[in-house]
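Next come the chains, spelled out residue by residue.
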Amino acid sequence: NSAMSAVLKIFPDCANCDRDDVAAVSVQVNNAWRVYFYDHFPRGLGYAAEFSRSVQTYFEAALDMVERCSCGDEGCPVCLHSYRRRQQGLLSKLGARYVFRLLLAMPAEPVLDALTINIRNA
């Protein structure tokens, strides 16, 4: 959910569309999570197709946004949270960073270390 929220935050800025033009849903299939991005209007506006053509670019932009944000580990309205979209479950800035780093084949150990420290302190 955290990574999905970050992509939904960054995508409209990169694709020059409105935040209400796109949506996403995450579902669990065979013990693995899948995220589906889709145009929020019947027959679509082409934004989901744009996303699928440039998914790495959007993941990189979302990771950059999350890592550059000066908020705490929970995230904030700038990097993860949305006033328009009700959040389901807790959003974790560290979780989003970890997922993006795995998806982009980047070293995730520093983020994993920070996640481990947060879990111990909880």
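In short, a report on the structure. None of the values given here were measured: they were computed from a predicted structure.

**Re empty space enclosed by the protein**
This model, assessed by the stated rule, comprises 1 cavity of 30 Å³ or more. Put simply, the largest cavity is a space of about 30 Å³. The wall of the largest cavity is formed by Phe11, Val22, Phe37, Tyr38, Tyr47, Ala48 and Phe51. Mapped by element, the contributors of at least two residues to the lining of the largest cavity are strand 2 (32–39) and helix 2 (47–53).

**Quick notes on the environment of Ala6**
Structurally, Ala6 can be placed in helix 1 (residues 2–15). Accessibility expressed as a relative area gives 0% for Ala6, which makes it buried. In sequence terms Ala6 and Ala96 are 90 residues apart; their C-alpha atoms lie 7.4 Å from each other. If we ignore the near neighbours within four places in the chain, the residues touching Ala6 are Ala62, Met65, Val66, Cys79, Leu80 and Phe100.

**Thoughts on the state of the cysteines**
In the structure shown here, the tally under the stated rule is 0 disulfides. Here Cys71 is not cross-linked by a disulfide; its sulfur's nearest cysteine counterpart is in Cys79, at 3.6 Å. Residue Cys71 is classed as partly exposed on the basis of its relative accessible area of 23%. Free cysteine: Cys76, not disulfide-bonded; nearest cysteine sulfur from Cys69 at 3.5 Å.

**Some thoughts on the layout of surface pockets**
If you add up the space inside the second largest pocket, you get close to 300 Å³. What lines the second largest pocket is a set of 13 residues, among which Asn1, Ala3, Met4, Val35 and Val99 lie closest to the centre. Counting only elements with at least two residues in the lining of the second largest pocket, the list comes to helix 1, strand 2 and helix 4 (93–103). The biggest single contributor to the lining of the second largest pocket is helix 1, with 4 residues. Residue composition of the lining of the second largest pocket, grouped by class: 9 nonpolar, 4 polar and no charged.

Calculation criteria
- Residues numbered from 1 in each chain as written.
- Predicted model: local features only at pLDDT ≥ 70, side-chain atom pairs only at ≥ 80, totals over all residues.
- Heavy atoms only, no water.
- 1 Å grid on protein atoms, 1.4 Å probe; cavity = no way out; pocket = protein on both sides within 12 Å on 5 of 7 lines; lining within 4 Å.
- Points joined across faces, edges and corners; volume = space filled by probe spheres on them.
- Helix = DSSP H or I, 4+ residues; strand = E, 2+ residues; numbered from the N terminus.
- Buried < 20%, exposed > 50% of the residue type's maximum accessible area, 1.4 Å probe, protein only.
- Contact = heavy atoms within 4.5 Å.
- Disulfide = S-S within 2.5 Å.
- Nonpolar A, V, L, I, M, F, W, Y, C, P; charged D, E, K, R; others polar.

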